[in-house]
Amino acid sequence: MPGLTPKYGTKYMLIRKNSLQSLADTMSEPEIRGRSLWADARKRFIHNKAAVAGLAVLILVSVFASFGGWLAQYPNDEIDFMVIGQVAELGGPSFANGHYFGTDDLGRDLFARVVQGTQISLMVGIVGAAIAVVAGTLYGAIAGYVGGQVDNVMMRIVDMLMAIPYMFVIILLLVMFGRSISMLFVGIGLLSWLDMSRIVRGQTLSLKNKEFIEAAQATGVSSINIILRHILPNLLGVVAVYATLLVPLMILTESFISFLGLGVQEPNTSWGALISEGAGTMQYGTLWQLAFPLFFFVITLFSFFFIGDGLRDALDPKDR
Amino acid sequence: MNVPLLKVENLKVSFKIRAEGDMPWTKPRVLQAVGGVDFELKQGETLGIVGESGCGKSTLARALIRMVDSSGQVVWMGNQELLGLDNAKMMSFRSKIQMIFQDPLASLNPRMTVGQIIAEPLRTHQQGLSGREVKSRVKSVMEKVSLLPNQINRYPHEFSGGQCQRIGIARALIVEPELIICDEPVSALDVSIQAQVINLLVKLQREMGLSLIFIAHDLSVVKHISHRVMVLYLGKVMEVADRDALYENPLHPYTQALISAVPIPDPRAEREKRAIILKGDVPSPLAPPSGCVFRTRCPKAQAICAAEVPMLEGITDRTSHQVACHWV
């Protein structure tokens, strides 16, 4: 028995010494980088195979749009007089004559045309969605945060604009002010932010009553800083998801307008215009004129939708 | 030192309630959340505020920092009235009065690091500070609330409830306030963590000479931390007294019922105890009873209670013990 006490004592001391040592180690460790909610979301996104595949396809399409022009053997507006008049027989896709995707009905190189169409369609989609994101987010966040009568007036304006059939407005704008890409941007941008502002306002209303907003108000942070520092970063998840779903919608709208013949004008082109031309010459046996633009159109839309789905699952794991 | 840090007189808060489907011209109903509260808070003192849910405790706290509109007077250090100030002049007082919230995790922005959260009041009130100075202030205040300073870049969801509440306390402390309003700071925490947080608050109060307004519905917690205790019922003060006087000699029937309901951590004593059970529910604040608001549930209620509102008055031998009851 007497021998037990010192033994126990030293052991106890040892444990104490160890824990003190580990405490000292923790105290002197360098600053730990925390894992933000963004980092968590990124991890979940990477584990989503469909979304990652979509992202890869989208990157390939962008690379094609940016650098495809270097591979093209012909400029996009040059008519190849060798094939003109016999497009169905000589204008098919071939590596021998350099028309990788064949030629269009006028004998222009379809590869160069698809590169150009991809550039314009992606630009329309991204710029249209960007206008929607910036305008819609700010408008919705302000309406939701300020609340009361301001909110009422701002949202009724949105309701009124939404009541206008927007395809009609775009067509009217293009007919009245001439058909140009910039007018197309104006028309799409004018109306695309409405949905976004509604979604953002709803989110802001639910965020506004959180205690961390109250804490910021109590300490005297200005409204503009509360919106920028506290509301917007917490909205970004929803906005990112909606924006990725908005890009294909914009592309679809532009394609539809171009399909009607009101969108981009020659010598410019877009997926919609190319598909329209291809569809017009289907019965003459030049199916490639429809197939190539349609292929790029479909895979891009699919990958945007997969990315949007993946982002939603990654950013809001509870909401599956 | 006789000037109280905060002197509140006849503070009233009312909300206009519109029912769903009301026409724009119908008169909204008025909900009197706080109905004329007076109290004084001395420097370095803790005032505990207790009462049932919905009796106006949190609204009272929010009125003091002007988060809700109110009438009456809130006098700072005997010479500065706060409720009438414009927003720019109020800013300097916002750094002197800080607040701690109930839900520790919800009161921290999930997208910001701990360092950014704690630094926010500092960045708002002392905008000239360099990034390095802000960081060193944040680290020193984190040490003060026993958080490891190397966790400055972590995010709130990586901390436990008690740690989150300490982040909230650090955020309140960084601007060196004179008064901290604690709105049920421990209600959402485990009992063992409650003790940690409360002891931390007591320690900080002693070190920094802080005054605290401590809102809770747990009477034993309030007993542990407060110097004075105020009992609210339906937005009115029922009784204010020094802690020991209130707990040992409660005079108002409501206070008596509340204190008799506190569980005693001894099964034998608990079995012997006679709790005063109040009948019925708290009346709706939209239609409070006439006279004394407590009369509908009071065992002593008589005709006079319905007719006259009892004044909050000091009892004869000690003026610091004030009761609003006709029968004291």
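Note that this is a predicted model, so its numbers are computed, not measured.

Enquirer: Summarise the interface of chain A and chain B; cite the residues concerned and give the values.
Expert: The partner chain B presents 33 residues to the 27 residues of chain A that form the contact. Interface of chain A and chain B: buried area, both sides summed, is about 2700 Å²; carbon and sulfur atoms make up 53% of it. Sorting the residues of chain A by area buried against chain B places A:Glu31, A:Glu211 and A:Thr219 first, and these three jointly supply 23% of that buried surface. Seen at the junction of chain A and chain B, the total is two salt bridges.

Enquirer: Before we move on, can you summarise the pattern of salt bridges with the specific residues and values?
Expert: Considering all chains together, one arrives at 14 salt bridges over all chains under this definition. Note that B:Glu120 is salt-bridged to A:Arg229, the shortest N-O span being 2.7 Å. Of this pair, B:Glu120 sits in helix H3 (residues 114-125) while A:Arg229 sits in helix H10 (residues 223-259), placing the two residues on different chains. Of the charged contacts in the structure, one is a salt bridge between B:Glu40 and B:Lys7, with a shortest N-O distance of 3.0 Å. You can see B:Glu40 sitting in strand E2 (residues 29-41) and its partner B:Lys7 sitting in strand E1 (residues 6-17), a full 33 residues away along the chain. Take B:Glu40: its relative accessible area is 39%, and that puts it in the partly exposed class.

Enquirer: So, the sheet that holds strand E10 (residues 236-242) of chain B: which residues are in play, and what are the values?
Expert: Residue and element names in this part refer to chain B. An order of E6-E7-E8-E3-E9-E10-E12-E11 is seen for the eight strands of this open sheet, with the pairing classed as mixed. Both edges of this open sheet fall to strand E6 (97-100) and strand E11 (313-314), since each of them pairs with a single strand only. Pairing of strand E3 (residues 46-50) with strand E9 (residues 228-233) involves four bridges; the strand directions are parallel. Bridge assignment links Ile49 to a residue of E9, and that residue is Met230. In the packing of helix H5 (residues 161-173) onto the sheet, contacts are made with E6 and strand E7 (179-183), and the angle to E6 comes to roughly 175°. Here helix H9 (residues 253-260) sits on the sheet and contacts E9 and E10; the angle it forms with E9, its principal contact strand, is near 105°.

Enquirer: Go over the packing of H10(A) against helix H12 (residues 288-315) of chain A with me, naming the residues and quoting the values.
Expert: Residue and element names in this part refer to chain A. Running from amino to carboxyl end, H10 crosses H12 at an angle of 165°, the nearest separation of the two axes being 8 Å. Taken together, the axis directions place H10 and H12 in an arrangement best described as roughly antiparallel. For the pair H10 and H12, the sense of crossing is left-handed. Listed contacts from H12 to Gly237, Ala240, Val241, Thr244, Leu245, Val247, Pro248, Ile251, Leu252 and Ser255 of H10 are Phe297, Leu301, Phe304, Phe305, Ile307, Gly308, Leu311, Arg312 and Leu315. In terms of residue class, the contact of H10 with H12 is made up of 14 nonpolar, four polar and one charged.

Enquirer: Account for the pairing of E7(B), with residues named and values stated.
Expert: All names here are of chain B. Buried residues dominate E7, accounting for five of its five residues. Burial along E7 is two-sided: Leu179, Ile181 and Asp183 and Ile180 and Cys182, pointing in opposite directions, are all buried. Where E6 and E7 come together, four bridges link them in parallel fashion. Note that in E7 the partner of Met99 across the bridge is Ile181. Note: E7 against strand E8 (residues 211-215), five bridges, orientation parallel. The residue of E8 that forms the bridge with Asp183 is Ile215. Each parallel crossover has a hand, and for E7 linked through helix H6 (residues 191-208) to E8 it is right-handed.

Enquirer: Could you give me a rundown of helix H6 (residues 148-163) of chain A, with the residues and numbers involved?
Expert: Here H6(A) spans 23 Å end to end across 16 residues, near enough to the 22 Å set by a 1.5 Å rise per residue. Looking at the buried residues of H6(A), the elements they touch are helix H5 (110-146) and helix H8 (181-208) of chain A.

Enquirer: Can you explain the environment of A:Val115? Please cite residues and give values.
Expert: Inspection of the secondary structure assignment puts A:Val115 in helix H5. On the basis of relative accessibility, which here comes to 4%, the residue A:Val115 falls in the buried class.

Enquirer: So what about the environment of A:Phe256? Which residues, and what values?
Expert: Residues and elements named next belong to chain A. Take Phe256: it is sitting in helix H10. The exposure class of Phe256 is partly exposed, given its relative accessible area of 39%. For the pair Phe256 and Ile275, spaced 19 residues apart in the sequence, the C-alpha separation amounts to 10.0 Å.

Enquirer: So what about a nonpolar patch on the surface? Which residues, and what values?
Expert: On the surface, A:Leu55, A:Ile59, A:Val63, A:Phe67 and A:Trp70 cluster together into a nonpolar patch covering about 540 Å² of accessible area. Tracing the backbone shows A:Ile59 in helix H3 (residues 49-71).

Enquirer: Mind laying out the nonpolar core, listing which residues take part and the relevant values?
Expert: Counting residues in hydrophobic clusters, the biggest one holds 73 residues, and the most contacted among them are A:Leu235 and A:Ile251. With 14 residues, the single largest contributor to this core is H5(A). If sequence neighbours within four positions are ignored, A:Ile251 has contacts with A:Ser121, A:Leu122, A:Gly125, A:Trp271, A:Phe297, A:Leu301 and A:Phe304. B:Val50, B:Leu200, B:Leu212 and B:Ile225 belong to the second largest nonpolar core, which has 60 residues in total.

Procedures and definitions
- Residues numbered from 1 in each chain as written.
- Chains lettered and ligands numbered in written order.
- Predicted model: local features only at pLDDT ≥ 70, side-chain atom pairs only at ≥ 80, totals over all residues.
- Heavy atoms only, no water.
- Contact = heavy atoms within 4.5 Å.
- Buried area = accessible area lost by both parts, 1.4 Å probe.
- Salt bridge = Lys/Arg side-chain N within 4 Å of Asp/Glu carboxyl O.
- Helix = DSSP H or I, 4+ residues; strand = E, 2+ residues; numbered from the N terminus.
- Buried < 20%, exposed > 50% of the residue type's maximum accessible area, 1.4 Å probe, protein only.
- Pairing = 2+ DSSP bridges.
- Axes fitted to C-alpha atoms, helices over the stretch in contact; angles between N-to-C directions.
- Parallel < 35°, antiparallel > 145°, perpendicular 65-115°, else oblique.
- Left-handed = near helix turned anticlockwise from the far one by under 90°.
- Nonpolar A, V, L, I, M, F, W, Y, C, P; charged D, E, K, R; others polar.
- Right-handed = clockwise from strand over helix to strand, strands pointing away.
- Expected span 1.5 Å × (residues − 1).
- Patch = residues over 30% accessible without salt bridge, like charges linked within 9 Å, V, L, I, M, F, W, Y side chains within 5 Å.
- Areas by Shrake-Rupley, 256 points an atom, 1.4 Å probe, with all protein chains shown as cover.
- Core = buried A, V, L, I, M, F, W, Y, C linked by side-chain atoms within 4.5 Å.

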